Amino acid sequence: MNAFLVHVGDDNFCRVLPKELDRSAPGNGRVKVMAFPPLGIQTLAPVLRQRGHRVRMFDTCHPEMKAEHIAEAVAREQPDVIGLSFLSTTAYPAVKSMARRLKTEAGKIPIIVGGPFATLNADRILGECADIDCVGVGEGEELLPEYLEHLDDPGSVAGLVWRRDGNIAENAPRPLLQELDRFPYPDRTSLPIDYIESLPL
């Protein structure tokens, strides 16, 4: 399976580091942003790779990873699944817009969302946004690989909220993870971004 993992932030979440503050050597091809690394997708990517899936990560903090760039990549590469991760209510409008854009480009590719806001608002999200196919509730380290392996049977994936025959279906809850040490370290190198971990205030 080929999965796209996208961290979606709102437009005010990050800032590109001004050139006058950048004291590093130029030309390494990495963009420096004042924002926090997207640990959600950086944690899920190596978990999926460990299970044999190919993963491409995007972070909308990067000026060349906006909706139009991701839509072009979706059209070109046709992933099996698109995962959108976001933290809070401030990014929710951007997630709905991103899902709409990606469904326009490739309507048959399922879009799953996750993150704290999605976990707490799964029914609301599916009720408001027809472009989102399902919500992963809770921790994704086991849920997302299981979803990828059961795309034809989403009813068997614990923790998934999805649409079945036009209605919202909520699968059995998934227990909290107990042994985090069994998962690989987050992938902090694949995205061409250097994060300066401070809020852009």
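Residues numbered from 1 in each chain as written. Predicted model: local features only at pLDDT ≥ 70, side-chain atom pairs only at ≥ 80, totals over all residues. Heavy atoms only, no water.

Comments concerning helix H2 (residues 67-77)
Each full turn of the α-helix corresponds to 3.6 residues, which orients residues three or four apart in the same direction.
1) Next: Those residues of H2 not exposed but buried are Ile70, Ala71, Ala73 and Val74. With its buried residues spanning 160° around the axis, H2 presents them on a single face.
2) Next: Looking at the buried residues of H2, the elements they touch are strand S1 (2-7), strand S4 (54-59), strand S5 (81-85) and helix H3 (92-105).
3) Next: Looking at the residues trailing H2, positive phi occurs at glutamine 78, about 45°. (Buried < 20%, exposed > 50% of the residue type's maximum accessible area, 1.4 Å probe, protein only. Helix = DSSP H or I, 4+ residues; strand = E, 2+ residues; numbered from the N terminus. Arc of directions from axis to C-beta. Contact = heavy atoms within 4.5 Å.)

Some details on the environment of alanine 73
1) Next: Mapping alanine 73 onto the fold places it in helix H2.
2) Next: The sequence separation of alanine 73 and leucine 102 amounts to 29 residues, and the corresponding C-alpha distance is 9.9 Å.
3) Next: For alanine 73, the residues in contact, after removing those within four places along its chain, are Phe4, Arg56, Phe58 and Gln78.

Things to note about the packing of helix H1 (residues 39-50) against helix H6 (residues 140-149)
1) Next: Two numbers describe how H1 lies on H6: the axes approach to 9 Å, and their chain directions differ by 50°. By the angle between their axes, H1 is oblique relative to H6. Between H1 and H6 lies a crossing whose hand is right-handed. Seen from H1, the contacting residues are Thr43, Leu44, Val47 and Leu48; seen from H6, they are Gly140, Glu141, Leu144, Pro145 and Leu148. (Axes fitted to C-alpha atoms, helices over the stretch in contact; angles between N-to-C directions. Parallel < 35°, antiparallel > 145°, perpendicular 65-115°, else oblique. Left-handed = near helix turned anticlockwise from the far one by under 90°.)

Here we look at the pattern of salt bridges
1) Next: This structure, assessed with the given rule, holds eleven salt bridges.
2) Next: Note that aspartate 133 and lysine 103 form a salt bridge whose closest N and O atoms lie 2.8 Å from each other. Taken together, the positions of aspartate 133 in the loop between helix H5 (122-128) and strand S7 (134-136) and lysine 103 in helix H3 put the pair 30 residues apart, joining distant regions of the chain.
3) Next: Overall, the relative accessible area of 23% leaves aspartate 133 in the partly exposed class.
4) Next: A residue is classified by how much of its surface remains accessible, and lysine 103, at 13% relative accessible area, is buried.
5) Next: Between arginine 124 and glutamate 128 there is a salt bridge; the shortest N-O distance is 3.2 Å. Here glutamate 128 and arginine 124 lie together in helix H5, a separation of four residues that amounts to about one turn. (Salt bridge = Lys/Arg side-chain N within 4 Å of Asp/Glu carboxyl O.)

What to know about the confidence of the model for the chain
For residues with low pLDDT, the predicted coordinates do not support detailed interpretation.
1) Next: Here the chain shows a mean pLDDT of 90. Residues at 70 or above account for 89%.
2) Next: When mean pLDDT is compared element by element in the chain, S7 scores highest at 98, while strand S2 (residues 15-16) scores lowest at 62. (pLDDT = per-residue confidence, 0-100.)

Considering the packing of H2 against H3
1) Next: It is at 9 Å that the axes of H2 and H3 come closest, and there the two elements cross at 30°. One element, H2, and the other, H3, form an angle in the roughly parallel class. The handedness of the crossing between H2 and H3 is right-handed. Counting all contacts with H2, which are made through Ala67, Glu68, Ile70, Ala71, Val74 and Ala75, the residues of H3 involved are Met98, Arg101, Leu102 and Glu105.

Observations regarding the pairing of S5
Side-chain direction in a regular strand flips from residue to residue, so the side chains alternate between the two faces of the sheet.
1) Next: For S5, the buried fraction is high: five of the five residues fall into the buried class.
2) Next: In S5, alternate side chains face the same way, and those of Val81, Gly83 and Ser85 on one face and Ile82 and Leu84 on the other are all buried.
3) Next: With five bridges connecting them, S1 and S5 associate as parallel partners. Paired with leucine 5 across the strands is glycine 83, a residue of S5.
4) Next: Judged from the four bridges that link them, S5 and strand S6 (residues 111-114) form a sheet pairing that is parallel. Directly across from serine 85, in S6, lies its bridge partner glycine 114.
5) Next: This β-α-β element, S5 to H3 to S6, shows right-handed connectivity. (Pairing = 2+ DSSP bridges. Right-handed = clockwise from strand over helix to strand, strands pointing away.)

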